[in-house]
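# A structural walkthrough
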Amino acid sequence: MPLEPKKVKWRRQHRGRRRGMATKGSHVAFGSFGMKAVEPGWVTAGQIESARVAIIRQIRKHGRMWIRIFPDKPITKKPAEVRMGKGKGAPDQWVAVVKPGRILFEVEGVDKDLAAEAFRIAGHKLSVRTKLSERREFTG
């Protein structure tokens, strides 16, 4: 079952703009390593699920994983071979808006090589380019 909100206030949304860098969710908070987006885009619920499965298959029972994005934006689509007009289409899929710097997934309990390999494989399932990010301890 793909990720989607239980309830939304409005069934349809504007597309919006994807300019600028991520301000929230831009540092590794839960695990040791994170998968960071380096370009803006929409990541669908199916892509998130595919990446999740790919990471889980790599880390097996050694580590723990967190998903840091949630698809809460509805994307509408009109049916095939329908004439123009007659309003906006019905919701077709759910996407998460991703900006550069956003942490998508985090893992803990695995070494850097295994985390890098898991994120490399999962990155092929996503529509945005990604890189490995490490947790930084703040002093002061």
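Residues numbered from 1 in each chain as written. Predicted model: local features only at pLDDT ≥ 70, side-chain atom pairs only at ≥ 80, totals over all residues. Heavy atoms only, no water.

### Examining the side chain of R68
Along the chain, R68 falls in the loop between strand 3 (64-67) and strand 4 (73-77). Aside from chain neighbours lying at most four places away, what touches R68 is G25, H27, A29, F30, R102, I103, L104 and E106. (Helix = DSSP H or I, 4+ residues; strand = E, 2+ residues; numbered from the N terminus. Contact = heavy atoms within 4.5 Å.)

### Notes on the sheet that holds strand 1 (residues 33-37)
The antiparallel open sheet is built from four strands, whose spatial order is 3-6-1-7. Looking at which strands have only one partner, the edges of the open sheet turn out to be strand 3 and strand 7 (130-134). Neighbour-to-neighbour, the strand axes of this sheet turn through a mean angle of 20 degrees, independent of strand direction. One ladder, built from four bridges, connects strand 1 with strand 6 (residues 103-108); its direction is antiparallel. When the sheet's bridge partners are listed, K36 is paired in strand 6 with I103. Sheet strands in contact with helix 1 (residues 45-59) are strand 3 and strand 6, and its direction is about 170 degrees off that of strand 3. Its contacts with the sheet place helix 2 (residues 112-123) against strand 1, strand 6 and strand 7, and it is angled at close to 30 degrees to strand 1. (Pairing = 2+ DSSP bridges. Axes fitted to C-alpha atoms, helices over the stretch in contact; angles between N-to-C directions.)

### Points about unusual backbone geometry
Backbone geometry at E81 places phi at a positive 60 degrees, although glycine is not the residue there. Checked against the element boundaries, E81 lands in the loop between strand 4 and strand 5 (90-98). Notably, K86 is not glycine yet its phi reads approximately 65 degrees, a positive angle. With a relative accessible area of 81%, K86 lands in the exposed category. (Buried < 20%, exposed > 50% of the residue type's maximum accessible area, 1.4 Å probe, protein only.)

### Focus: a positive patch on the surface
A grouping of R11, R12, R15, R18 and K88 is seen on the molecular surface, where their side chains present a positively charged patch. Relative to the elements of secondary structure, K88 occurs in the loop between strand 4 and strand 5. K88 gets classed as partly exposed once you look at its relative accessible area, which sits at 41%. (Patch = residues over 30% accessible without salt bridge, like charges linked within 9 Å, V, L, I, M, F, W, Y side chains within 5 Å. Areas by Shrake-Rupley, 256 points an atom, 1.4 Å probe, with all protein chains shown as cover. Salt bridge = Lys/Arg side-chain N within 4 Å of Asp/Glu carboxyl O. Lys, Arg positive; Asp, Glu negative; His and termini not counted. Charge placed at Lys NZ, Arg CZ, Asp CG, Glu CD.)

### A short note on helix 1
When the terminal C-alpha atoms of helix 1 are compared, their 21 Å separation across 15 residues agrees well with the 21 Å that a helix rising 1.5 Å per residue should span. Lining the buried residues of helix 1 we find strand 2 (41-44), strand 3, strand 5, strand 6 and helix 2. In the segment just after helix 1, R60 is the residue with positive phi, at about 50 degrees. (Expected span 1.5 Å × (residues − 1).)

### Regarding the packing of aromatic side chains
Evaluated as defined, the whole model comprises one aromatic pair. Residues F30 and W66 carry aromatic rings whose centres are separated by 5.9 Å and whose planes lie at 20 degrees to one another, so their mutual orientation is stacked. A residue pair is termed long-range when its members are at least 10 positions apart, and F30 in the segment before strand 1 and W66 in strand 3 qualify at 36 residues. Look at F30 and you get partly exposed, because its relative accessible area is 46%. (Phe/Tyr/Trp six-rings, centres within 6.5 Å; stacked < 30°, edge-to-face > 60°.)

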